[in-house]
Amino acid sequence: MSPVVDSRPLILWGATGQAKVLKEFLPRLGWRLVALFDNNPSILSPFAEVPLLGGKENFADWLSSQDEIPSALAAIGGDRGRDRLQIQRWLAEFGCWIPIACHPTAWIAGDARIGAGCQILARSAVGTESILEDAVIINTSASVDHECHLGEGSHIGPGAVVCGCVSVGSGAFIGAGATVLPRLTIGSNTVVGAGSVVTANLPPDVVAVGNPARIIQIRNAAQ
Ligand SMILES: CC(C)(COP(=O)(O)OP(=O)(O)OC[C@H]1O[C@@H](n2cnc3c(N)ncnc32)[C@H](O)[C@@H]1OP(=O)(O)O)[C@@H](O)C(=O)NCCC(=O)NCCS
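Residues numbered from 1 in each chain as written. Predicted model: local features only at pLDDT ≥ 70, side-chain atom pairs only at ≥ 80, totals over all residues. Heavy atoms only, no water.

Novice: Please set out unusual backbone geometry residue by residue, giving values where relevant.
Specialist: Cis geometry is found at the peptide bond from Asn-211 to Pro-212, where omega equals -5°. Secondary-structure assignment places Pro-212 in the loop between strand S21 (206-209) and strand S22 (214-218). Positive phi, normally seen in glycine, also occurs at Arg-123, with a value near 60°. Take Arg-123: it is sitting in the loop between strand S7 (119-120) and strand S8 (125-126). With a phi close to 70°, Asn-189 is a non-glycine residue in the positive phi region. Topologically, Asn-189 is positioned in the loop between strand S18 (185-186) and strand S19 (191-192). Overall, Asn-189 belongs to the buried group, its relative accessible area being 0%. (Helix = DSSP H or I, 4+ residues; strand = E, 2+ residues; numbered from the N terminus. Buried < 20%, exposed > 50% of the residue type's maximum accessible area, 1.4 Å probe, protein only.)

Below, the structure written as structure tokens:
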């Protein structure tokens, strides 16, 4: 086990699967998880030692009781990138520092640019000259090749392959194991189904599945 080099207080917003994923490695990077928040009042803390203190209505009071303003991450995965981004911005308005969570086994090219709140998970890769805007998730074993641009709040699912020079719009979600061929554009808020192969540009606000991927649904822009 690696020694903890520092111990900086951190909260997670979201108390389900993505919180578990982050909690597995954040202590190894020197973070101490002090509290969870979630707007869903019907869930319990998944961690015996970390309290779940409610939602937005409780946050300001709790924060004012703290000696130190904690850092914060929005632990919201799946296709809810817009929620992740919105919560992250809301937390930053309270003065919370929004770190980058990069798993020790992930590889990021030295010249890639990584925005605040990005979550780069185990065994994933981010290639040279790629740009990740704020609150992007690169999930387990996903690969983002050279010169890609991933918009804020986008999510590359587990094992997905995003080839070189691809642009992924804000809030878009590339499902597990999908492949996006080089130089394509995925519109904002669009969802690519698991295992799909994207061979042509996709517009914003659609769901596309299959090989080659075809549009099967229009997404409500508010989704
Ligand atoms: C694409 C997706 C979002 C569609 O979900 P949905 O809106 O609930 O759609 P449905 O399940 O009703 O499926 C609609 C149709 O698309 C097909 N379909 C759904 N997902 C598909 C996929 N990934 N590949 C091929 N076809 C798919 C269904 O078989 C169904 O076909 P039918 O109308 O002929 O019966 C979902 O299936 C998916 O792939 N999500 C990604 C999950 C993921 O990767 N999670 C990672 C967690 S981090």
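So that's the structure; there's more coming.
Novice: Run through the site of the ligand, naming residues and quoting values.
Specialist: Neighbouring residues of the ligand: 14 residues in total, closest Gly-175, Ala-176, Gly-193, Ala-194 and Gln-217. A distance of 2.7 Å is found between an oxygen atom of the ligand and a backbone nitrogen or oxygen belonging to Ala-176. Here an oxygen atom of the ligand and a side-chain polar atom of Gln-217 are 2.8 Å apart. Protein chains shield 40% of the accessible area of the ligand, which is 910 Å² for the free molecule. Looking at the shell around the ligand, the elements with two or more residues in it are S21 and S22. Tallied by class, the residues present in the shell around the ligand amount to eight nonpolar, six polar and no charged. (Near = heavy atom within 4 Å. Polar contact = N/O pair within 3.5 Å; in protein donor to acceptor, adjacent residues only side chain to side chain. Areas by Shrake-Rupley, 256 points an atom, 1.4 Å probe, with all protein chains shown as cover. Nonpolar A, V, L, I, M, F, W, Y, C, P; charged D, E, K, R; others polar.)

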